Structures are given as C-alpha cells and as structure tokens.
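Structural description and commentary
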2 protein chains.
Amino acid sequence: MESLPKVVKRRVNALKNLQVKCAHIEAKFYEEVHELERKYAALYQPLFDKRSDIVKAAYEPTDEECEWKADEEEELTDEMKEKAKLEEEKKDEEKEDPKGIPEFWLTVFKNVDLLSDMLQEHDEPILKHLQDIKVKFSDPGQPMSFTLEFHFEPNDFFTNTVLTKTYKMRSEPDDTDPFSFDGPEIMCCTGCPIEWTKGKNVTLKTIKKKQKHKGRGTVRTVTKTVPNDSFFNFFTPPEVPENGELDEDSEAVLAADFEIGHFIRERIVPRAVLYFTGEAIEDDDDDYDEEGEEADDEEGEEEADEENDPDYDPKKEAAPPAECKQQ
Amino acid sequence: MESLPKVVKRRVNALKNLQVKCAHIEAKFYEEVHELERKYAALYQPLFDKRSDIVKAAYEPTDEECEWKADEEEELTDEMKEKAKLEEEKKDEEKEDPKGIPEFWLTVFKNVDLLSDMLQEHDEPILKHLQDIKVKFSDPGQPMSFTLEFHFEPNDFFTNTVLTKTYKMRSEPDDTDPFSFDGPEIMCCTGCPIEWTKGKNVTLKTIKKKQKHKGRGTVRTVTKTVPNDSFFNFFTPPEVPENGELDEDSEAVLAADFEIGHFIRERIVPRAVLYFTGEAIEDDDDDYDEEGEEADDEEGEEEADEENDPDYDPKKEAAPPAECKQQ
C-alpha cells in the first residue's frame, strides 16, 4: 500500500468502503442461514425424538427399522456365522435383557477426544443417566443464540431433569474491525445451577489441611471444600467481569468451552450414533486418504485429531475426484 | 459394536437408519443454502461491479467514497505528515497518472500462496490484463454448479475476453456411503479453450532435441512442442476417463484444482481488496492471537498457511471471548 501513488491509494480506499458494505450484506446472509437452520431443526426433530425413544427404551424398533443392508453384504462363511451366533447367544445369556441402548451418550462422550478430555472417572456414573441432548434455537426476531439441553433420567446425583447451556451469538461486523467478520461468533455462554443431592456434588472436593496455632503451637485438622475437575463444570463457565477483561486461565477455559458447545451442536447432536459406533471418525479418515494426500506417521496423528476439531468445515466443498466423469 | 448384545445391536441399526434419513434432510438444507447464496450473489453484484469499474478506470470514485476513517485516526506528527506528502508528490511525479488500480488482480494472485504457487513469470504480463473475476451460479432447478469467469481487457496474448472454469457439484448422500455426506462436494470441472495469438501460448514450449540417424549416424536437430508450467493450465484440467479412474498425478492436480476453485469462489472474489492490501491475512492472524492460543515460531508459520487454506471454515462460530459481558 505504502508504495502506491496517492490517486491509486484513494481508489483502494473506495474498494475498502465497498468491502464494508459487503460485510453487512454477509451478516444478513448468515441471519438467513440461521433461519434455515431453525427451519431444518424442526424437520430433524421427529427423527431425533425417535432416536431418544430407542435409546431410553420408550420404543422398540420393528424388524424392518432394524434392517441394515451392510450386515447382509458381509460375506461370512457358514462356520463363522455359526460361531458368531453361539457367541451372541452366550453374551445375551450373560447380560440380562438390556433396555434400550445402555450408556449411549456416555459412550459418545468417551469416543470424542474433545469431550473425553473433560470426563473424569466420577462423572461416568452420572452420565450413564444422560438420555438425550437437544439443541434449541432462539426464536425469530430474538438475538441469535442456541441452547444445549442435557436430559437426564431420575438419578441419585441431582434433582434436575434438564441441565442447560446457552450460547449467545453475534452476526454483525464490528465497526472498529469490519473485515474480521466471518459469520456468526459465539460471544458469551451461561450455564445453569445443578441441584446436587447431599454429598454427590462431584464439582467440589473436600481436602484436609493441618493448621498450627500461632501462639500455642497446637495442630488441628480442618476440612476445606475446593473445586474439583469434572465435566459438570461445563455448567458453570467462568464469569466475565463488567470490564470484559479475563485472566488468561478463564480465557482459555472459555475458548475451549465455545469450541465444545459449537462441536456438540454441529456434529454430536446431528450424528450421535456415528460417534457411538465410531463411524464418524473412520469415514472422515477414509475421505482424507482419497484426496490423494500422502500422510507420514506424524501427520497421521494430526489428522486423527482433526476429526474432533470444531473448526472442521461442515460446508467445505473441495472434494476428491471420486467417480467423476467428464461431461 | 461387536461386544454389544444382539438386541442392542439391532437398536443401533435402527438409529443408523434414522441417520440415513437425516443425511437426506441435510442434503435439502444445503440445496436451500445454495439458493440463498444465489440470492445474495445478486445483492453483492452491484458492489462487485463498482469494484471492477474502479479497478479498470471506468469509474472515478468521489472524495466521499474514498474517505477511509482509519486514515484520519493515525496520529502523525506534522513533520511526518509533511514528509509523507512530499514523498507522495514525488512518487506521483514519477509515475504518470496511473489509470484505475494497475495490476490489481495480479497483485491479489501474488499475495495468496495457493494462487502464487501456480504463477510463472511468463504468466504475469498476461494477468496484468485481468480486469475482473466473477462467480456465476447455476440456475434454479439445474444441477448445482458454479462458473468462475475471468474477464480480460483486449490484449496481445489471446482473443478471448472471458476465460471460464465450471465446477459441477453434488449435494446428495451417496447410497453406498451415506454417512460420509457433509454438504455439497465439487465433483468435476471443465475449462475452456484459449485462442492464443500465434507464438504467445505460454502453456506450451518448444524444445530442441538432437536425433541420431540409426543407419547413417548423422545428427539432426528437431523441434518438439511440450507442455509448459503456467497458471493458464487451470483452463485445461485433466480429463477423467470413462471408467472414472485417474492416475496419481491427475488426481493430485484435480484435488488442488478443486481447492483453488473453491477458494477463489469463497474468499478471493468476495473480498479481493483485502488480499490486494494484505489485510485478509493480517486480520486472521490477529484473531488467532486473541483466542489465547500461544504460538511458537513453528506454529506461527503454519498459521500463516492456514489463511490460504480452502478448508478454512467461513461459518465457524467458535470465537474469542472478546468484549463479552455476562448477562
């Protein structure tokens, strides 16, 4: 820019002003995409409700609904089939008539790096009671936001049946930096209070501490309650002070929180069963190979991480030239 | 999956069948997004047309249109201002009244790694004549596709005024692998013939080769025409044979081609001026830092590359907790 003649610099400024106008049009585009997402959420919901009913044994699917073509295509010898059948019968005898799909959401959490990183051993018995995760969008005309609803069956840990986390978004260019606008951004999030049953709050732990009396020199043991690592801290994100300034730790926690919220909304809820079976991860890996990229071992590991990356572009269009025919 | 009791496996299959239905709903969603993109393309077009008019000196912007607030905010001492003014006057004297914004698109190409990688020295004099790049979407009801139009001013290199590249897309789940569906994919692309002026075709070069007569042993020099590296090979992508199978080289060329096509459509055309000035790259870097990620030198380099990454998610919502206030 500096080396340009003044008359040219002037014209470039005119282009930049046009670009600001583009950013404001783009903001309207994303608002309409959000409307579309709301519209489609209603179309997905009956399918998600059925999923939930099957998971929690409120509905037993018919044979037709359970027919999976890939199963038939697997070529097994009769001997292998017989062996598999015997093994299954044995397993069925061992476990006594499981209801629905036990530990469905807990398994999803364990299979996704981004979520399993938050999981502590003491969270697992609680998450066995998680029966559904729903995404609710803000009403039309309201500020853009979405709420994740975690639905639990009655349990010994807390009395809530639903835990919520709401993410407020902004879809407009910042006047002071309009060119950084790149679609809706999560701006803030709020959790919800958890009504823990006495002695069951896994987000706190008691530690014993010895105190020495300054004067008398006697020692006593005091019990102190301190924060404990837990997935359930997800429902008490760091508060942002009035001046908007956060310490480094809180900022990192919130940045990770926004990624997780975005990922649950965009990937986990829409395709939970694929994270339960692991197929969501395998499929993406296949894709990667087909693109003709050569991965050495080091890169291979990075790819695996990308599958759980919230920045993974669900709308990317660059694709491998599979089965493509010139027309 | 293997370790699950048979009755549970059955129910998981029911969920997978529901998931296939979700994929088909998702395909309809992306078709509607494409319609929205078409609608918004019409809203952007007057701004892009004005941009083109300014670039090619068909329109001289008014003082008001050229006022850029950031300029005023820069706090310069009077002395610095005076010096800058003198320098500019000197520059203006040196260059004689440049028209529009010279080499606008060539500069954009040079500033974007993905594009500059394709550029050869002999391409540059030709790309100085590039006056606009437009994106045209397929008509409603037609198979999904988009065309990049490269508009050139009359020049000595070829007689075409527009070079085109069309990308056909598919937005439906593949029956054999419905879970890999993740939005529209580019499936094929077609270029256009370039009517090169005699001797100006930079995509070919002549090499001289010595041949020895087998019988007589005499040596003669023959001239042979062979392909030459050039950006303009972009308009003759590898053809995909009937059976859809490509050799490794062609596959890599097409994979890169799809990335470039996608990137030109999604990033370059909508915000060309920011790639001209370099702001598109700087802004993204700023973002990265604000997210609280610590970059060491090595990562720093990678980030810079990401800016030109076509997989960069234009719809990502995870954002830094900037100026966030709890409500």
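Owing to the predicted nature of the structure, the values given are computational and were not obtained by experimental measurement.

Observations concerning the packing of helix α1 (residues 6-55) of chain A against helix α1 (residues 6-55) of chain B
At a minimum axis separation of 10 Å, α1 of chain A and α1 of chain B run at an interaxial angle of 165°. As far as their axial angle goes, α1 of chain B and α1 of chain A are roughly antiparallel. In the crossing of α1 of chain A with α1 of chain B, the sense of the turn from one axis to the other is right-handed. Its residues assigned to classes, the contact of α1 of chain A with α1 of chain B shows 30 nonpolar, 2 polar and 18 charged.

What about helix α7 (residues 248-268) of chain B?
Taking 1.5 Å per residue as the helical rise, α7 of chain B with its 21 residues ought to reach 30 Å, and the 28 Å between its terminal C-alpha atoms agrees with that figure. The opening residue of α7 of chain B, the one whose side-chain oxygen lies 3.2 Å from the backbone nitrogen of Asp-249 of chain B, is Asp-247 of chain B.

So, the sheet that holds strand β4 (residues 185-190) of chain A
All names here are of chain A. The sheet built from 4 strands is open, its strands ordered β1-β2-β3-β4 with antiparallel pairing. Edge positions in the sheet fall to β1 (130-137) and β4, since each has one partner strand and no second. Each neighbouring strand pair of the sheet contributes to a mean axis angle of 20°, computed without reference to strand direction. As judged from the 7 bridges shared by β1 and strand β2 (residues 145-152), these two strands associate in the antiparallel manner. Bridged to Ile-133 within β2 is Phe-150. Lying on the sheet, helix α4 (residues 104-111) is in contact with β1 and β2; it crosses β1 at an angle near 70°. In the packing of helix α7 (residues 248-268) onto the sheet, the strands contacted are β1, β2, β3 (162-170) and β4, and the crossing angle to β4 comes to about 100°.

With respect to the packing of aromatic side chains
Under the criterion given, the structure shown has 48 aromatic pairs over all chains. Ring geometry for Phe-158 of chain A versus Phe-232 of chain A: centroids 5.9 Å apart, planes at 65°, classification edge-to-face. One end of the pair, Phe-158 of chain A, is in the loop between β2 and β3; the other, Phe-232 of chain A, is in the loop between β6 (219-227) and α7, and 74 residues separate them in sequence. Here Phe-158 of chain A falls in the buried class, since its relative accessible area comes to 2%. Centre to centre, the rings of Tyr-30 of chain B and Phe-181 of chain B are 6.1 Å apart; their planes meet at 80°, and the pair counts as edge-to-face. Taken together, the residues span a long stretch of sequence, with Tyr-30 of chain B in helix α1 and Phe-181 of chain B in the loop between β3 (162-170) and β4 (185-190) at a distance of 151 residues. Here a set of aromatic residues connected by ring pairs shows up, and it is made of Phe-109, Phe-150, Phe-152, Phe-158, Trp-196, Phe-231, Phe-232, Phe-234 and Phe-235 of chain A. Sitting above the plane of the Phe-146 of chain A ring, Arg-265 of chain A keeps its charged end 4.9 Å from the centroid.

Examining the confidence of the model for chain A
All names here are of chain A. With 77% of its residues at a pLDDT of 70 or more, chain A has an overall mean of 83. Least confident of the elements in chain A is helix α10 (residues 297-306), whose mean pLDDT is 39; most confident is helix α6 (residues 124-127), at 98. Here the predicted complex carries an ipTM of 0.81, next to a pTM of 0.80.

Examining the sheet that holds strand β2 (residues 145-152) of chain B
Residues and elements named next belong to chain B. Judged by pairing direction, the sheet is antiparallel, and its 4 strands sit side by side in the order β1-β2-β3-β4 without closing on themselves. Looking at the sheet topology across the chains shown, the edges are occupied by β1 (130-137) and β4. Looking at each pair of strands side by side, their axes are set apart by 20° on average, direction ignored. In this fold α1 packs onto β1, β2 and β3, with an angle of close to 165° to the strand it touches most, β1. Each of β1, β2, β3 and β4 touches α7; the most contacted strand, β4, lies at about 100° to it.

The rules behind these values
- Residues numbered from 1 in each chain as written.
- Chains lettered and ligands numbered in written order.
- Predicted model: local features only at pLDDT ≥ 70, side-chain atom pairs only at ≥ 80, totals over all residues.
- Heavy atoms only, no water.
- Axes fitted to C-alpha atoms, helices over the stretch in contact; angles between N-to-C directions.
- Helix = DSSP H or I, 4+ residues; strand = E, 2+ residues; numbered from the N terminus.
- Parallel < 35°, antiparallel > 145°, perpendicular 65-115°, else oblique.
- Left-handed = near helix turned anticlockwise from the far one by under 90°.
- Nonpolar A, V, L, I, M, F, W, Y, C, P; charged D, E, K, R; others polar.
- Expected span 1.5 Å × (residues − 1).
- Polar contact = N/O pair within 3.5 Å; in protein donor to acceptor, adjacent residues only side chain to side chain.
- Pairing = 2+ DSSP bridges.
- Contact = heavy atoms within 4.5 Å.
- Phe/Tyr/Trp six-rings, centres within 6.5 Å; stacked < 30°, edge-to-face > 60°.
- Buried < 20%, exposed > 50% of the residue type's maximum accessible area, 1.4 Å probe, protein only.
- Lys NZ or Arg CZ within 6 Å of the ring centre and 35° of its normal.
- pLDDT = per-residue confidence, 0-100.

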